[in-house]
Amino acid sequence: MSSVNRERLIQLLLDLVVIDSHSKEERQVADFLIDYCRARGAEVEEDGAGEQVGGNAGNLFVRFKGNKPDAQPIFLSAHMDTVVPGKGVKPRREGNRITTDGTTVLGGDDKSGIAAILEAIEVIRENDSPHGDIEIVFTICEEMGLVGAKHFDVSKLTAKHGLVLDSDDVGFLFTRAPSADRMEFRVRGQESHAGMFPERGINAIKVAADGIANMRLGRIDHETTANIGIVRGGEAVNIVPNEVVLEGEARSLDPAKLDAQTAHMKACLEEAAAKYSVELNGHRVAARVESYIERDYDRMNVPDDSRIVQLVFKAAHGLGQTVRTQAFGGGCDANVFNGKGLTVANLGTGMREIHTVHEWIDLDEFERCARVVAEVIRLNAVID
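Residues numbered from 1 in each chain as written. Predicted model: local features only at pLDDT ≥ 70, side-chain atom pairs only at ≥ 80, totals over all residues. Heavy atoms only, no water.

1. Focus on the overall build of the protein
Along the protein, the regular secondary structure elements total 10 helices and 22 strands. Dimensions along the principal axes, computed over C-alpha positions, put the protein at roughly 85 × 45 × 40 Å. Looking at the 384 residues of the protein, the share that counts as buried comes to 53%. Considering only contacts within the protein whose residues lie at least 6 apart along the sequence, 79% involve residues at least 24 apart. For the protein, the accessible surface area stands at approximately 16,200 Å², while carbon and sulfur atoms represent 47% of it. Looking at the protein, you have 44 positive and 61 negative side-chain charges, and the mean spots of the two groups are 2 Å apart. (Helix = DSSP H or I, 4+ residues; strand = E, 2+ residues; numbered from the N terminus. Buried < 20%, exposed > 50% of the residue type's maximum accessible area, 1.4 Å probe, protein only. Contact = heavy atoms within 4.5 Å. Areas by Shrake-Rupley, 256 points an atom, 1.4 Å probe, with all protein chains shown as cover. Lys, Arg positive; Asp, Glu negative; His and termini not counted. Charge placed at Lys NZ, Arg CZ, Asp CG, Glu CD.)

Structural data, given as structure tokens:
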């Protein structure tokens, strides 16, 4: 197989990152990809996920038909949206890097994944390499909590295994990632005038602080993390606040540990609320907590002997590279697709310092990623 066309790959990335595509605003990049893929003979379908989430574009389902009828299909995915500030990106090529002018993110998360997929397909097509159907999902709103993938109907797919391209170092294939719980707690107190009748009030901020002070947060153990990230409450400095809203999360590679951590955080607030009450007009008024907890996404746990992992190992080895499997603490679309019955691992693209205005792409790693993906597609068709 001929090698990846490095300059074409880089130019495609440059073309993509200058297209604005914040979450819910992916229309322009979706149109670019629809035209690009159809011009190369792909079937392209856009679903209704955008309407469901209030966005201007849906997920794209792209199928390049195979040239080997008995070959297994393969699944590939990357997301179209970027975090803020991601409008008006001005990419710069500096030696072996592409970076920005420092006022925006680059958007290599995850347009580097998109570009690597498309270049891999160009290589396959140019060499007339054997391949089964290549099924691609370009998702929306990943940065909002994997929303596009959650709304994608996987019954459209015939492929059962594949790759999401949405992490940093191409030397690692991420096969394990945590489940996550998203939490909102409403701590209810009792309002009163802070100067005239403070004893008639229950300060919801104080109750919340009491509960948070007793929580285990941060790095709980090597598999588990927890955080309270948003606190909202209070109306004025002369009013004892009657409500505080807390938003947080917990993550763990171990579902039992996740359940335990979530229960612990809820219990800390409930125990704090139980300490506070006042007598008003002959009635006892007590602090209370309303808890809203949902499983944001399930864990990813892809075994090393799975077909997709072995294909990546073989592809990397044949290209003189080394790839190791690893766990990571973030969530990605691969979590969702695994939860829907696929076997999907997450391969790095060479992006660095993502979600910051210092984001950059290592071009050597970026090229290696595209080479690995092309070889995985080919090997998938020739290895039983």
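What follows continues from the structure just given.
2. What about the sheet that holds strand 4 (residues 92–94)?
Across the sheet, 4 strands lie side by side as 4-5-22-21; this open sheet has antiparallel pairing. Of all strands in the sheet, those with a lone pairing partner are strand 4 and strand 21 (351–352), marking the two edges. Relative to strand 22 (residues 360–362), strand 5 (residues 97–99) runs antiparallel, the two being bridged by 2 bridges. Directly across from Ile 98, in strand 22, lies its bridge partner Ile 361. Those strands touched by helix 10 (residues 363–382) are strand 4, strand 5, strand 21 and strand 22, and its axis lies near 65° from that of strand 22. (Pairing = 2+ DSSP bridges. Axes fitted to C-alpha atoms, helices over the stretch in contact; angles between N-to-C directions.)

3. What about the pattern of salt bridges?
Under the criterion given, the structure shown has 34 salt bridges. Where Glu 243 meets Arg 186, a salt bridge forms, and the shortest distance between an N and an O atom there is 3.4 Å. Placement of Glu 243 in strand 14 (residues 243–252) and of Arg 186 in strand 9 (residues 179–188) is noted, with a sequence separation of 57 residues between them. Counted as one network, the salt bridges with shared partners bring together Glu 184, Arg 186, Arg 188, Glu 243, Arg 288 and Glu 290. (Salt bridge = Lys/Arg side-chain N within 4 Å of Asp/Glu carboxyl O.)

4. A few points about the packing of helix 4 (residues 108–126) against helix 10
Where helix 4 contacts helix 10, the two axes come as close as 8 Å, and the packing angle between them is 50°. On the basis of the axis angle, helix 4 is oblique to helix 10. Once helix 4 is placed against helix 10, the crossing between them reads as right-handed. Contacts from Ser 112, Ala 115, Ala 116, Glu 119, Ala 120, Ile 121, Val 123 and Ile 124 in helix 4 reach Phe 366, Cys 369, Ala 370, Val 373, Ala 374, Ile 377 and Arg 378 in helix 10. (Parallel < 35°, antiparallel > 145°, perpendicular 65-115°, else oblique. Left-handed = near helix turned anticlockwise from the far one by under 90°.)

5. Here's the deal with the environment of Asp 210
Relative to the elements of secondary structure, Asp 210 occurs in helix 6 (residues 204–213). Placed 65 residues apart in sequence, Asp 210 and Lys 275 show a C-alpha to C-alpha distance of 9.7 Å. Discounting chain neighbours no more than four positions away, the residues touching Asp 210 are Ala 272, Lys 275 and Tyr 276.

6. Brief notes about the packing of aromatic side chains
Given two aromatic rings, their pairing is described by the distance between the two centres and the angle made by the two planes. On inspection of all chains with the given rule, the structure shows 5 aromatic pairs. Between the aromatic rings of Phe 32 and Tyr 36, the centroid separation amounts to 6.2 Å while the plane-to-plane angle is 20°, which identifies the pairing as stacked. Of the two residues, Phe 32 and Tyr 36 are both situated in helix 2 (residues 27–39); the distance of 4 residues between them amounts to about one turn of the helix. Note on Phe 174 and Phe 328: the rings are 4.7 Å apart at their centroids and 40° apart in plane angle, and the pair reads as tilted. Taken together, the residues Phe 174 in strand 8 (residues 172–177) and Phe 328 in the loop between strand 19 (324–327) and helix 9 (333–339) connect sequence positions 154 residues apart. On the basis of relative accessible area, Phe 174 is assigned to the buried category, the value being 6%. For Phe 328, a relative accessible area of 19% translates into the label buried. Site record: aromatic cluster; members linked through ring pairs are Phe 172, Phe 174 and Phe 328. (Phe/Tyr/Trp six-rings, centres within 6.5 Å; stacked < 30°, edge-to-face > 60°.)

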